[in-house]
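# Structural overview
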Amino acid sequence: MVRPPNTTSRASPLRTCSAPPTAPASAPAAADASATLADGVEIGPFCTVGPGVALASGVRLVSHVVIQQDTSIGANTTIHPFAVIGGDPQHNGYKGEPVRLEIGENNLIREHCTFNRGTPQGTGVTVVGSNNLFMTGAHVGHDCVVGDNVVMANKRANTTTESDRLYGRSVAVLRQRQ
């Protein structure tokens, strides 16, 4: 079951987005009133865009994508079905504090990927660079820093990483920031 965006601290009405011409009329999408959608953003059927989200020009949410909250996504990034982006950090110490996820430009995020926001115990922000490919099932955990030109095959980056041109398969763990 997919939960709606966490709006407990700042309830905003959702606005209905029209589906692209190829989608059936019965396939709505919704964006929170506080979300910022640039010109040229495409939001496919059954997508949800939560509060505090900013989508730059050319961002494409194919279908069934959830952008939960407090996330910025750079220009020309495409996100495929069943990705959950900007979710709460998976950390026992997280108590609802304001934290962010920042994704650069020209990223390709395939099906079933998950990207979590940062934690107050870490940097408070998860950062993903530009020109990356995240294959099906990739997970970017809280407080990670993923560089540019990274190809990440399924599984995850569990600790904070800083690298460009990384090609990871299964579990890729690089240098952890102290």
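Residues numbered from 1 in each chain as written. Predicted model: local features only at pLDDT ≥ 70, side-chain atom pairs only at ≥ 80, totals over all residues. Heavy atoms only, no water.

### Quick look at the nonpolar core
- Judged by nonpolar contacts, the single largest core of 30 residues is most densely connected at Leu 55, Leu 61, Ile 79, Ile 85, Phe 115 and Phe 134.
- Residue assignment for this core shows that the elements contributing at least two residues are strand S2 (29–32), strand S12 (100–103) and strand S17 (138–140).
- Residue contacts for Leu 55: discarding those within four places in its chain leaves Thr 36, Leu 37, Ala 38, Val 41, Ile 43, Val 49, Leu 61 and Ile 73. (Core = buried A, V, L, I, M, F, W, Y, C linked by side-chain atoms within 4.5 Å. Buried < 20%, exposed > 50% of the residue type's maximum accessible area, 1.4 Å probe, protein only. Helix = DSSP H or I, 4+ residues; strand = E, 2+ residues; numbered from the N terminus. Contact = heavy atoms within 4.5 Å.)

### Here we look at the pattern of salt bridges
- One pass over the structure, following the stated rule, counts three salt bridges.
- We note a salt bridge from Asp 88 to Arg 117, for which the minimum N-O separation is 3.0 Å. Taken together, the residues Asp 88 in the loop between strand S11 (84–87) and S12 and Arg 117 in the loop between strand S14 (114–116) and strand S15 (125–128) connect sequence positions 29 residues apart.
- A salt bridge links Arg 110 to Glu 111; the shortest N-O distance between them is 2.8 Å. (Salt bridge = Lys/Arg side-chain N within 4 Å of Asp/Glu carboxyl O.)

### Describing unusual backbone geometry
- Positive phi is not limited to glycine here, since Phe 82 has a value of about 70°.
- Turning to its location among the elements, Phe 82 is positioned in the loop between strand S10 (78–79) and S11.
- With relative accessibility at 44%, the residue Phe 82 sits in the partly exposed group.

### Focus: the side chain of Thr 71
- One can find Thr 71 in strand S9 (residues 71–73).
- When near neighbours in sequence (up to four residues on either side) are disregarded, Thr 71 contacts Gly 52, Val 53, Ala 54, Ile 85, Gly 86, Arg 100, Leu 101 and Arg 117.

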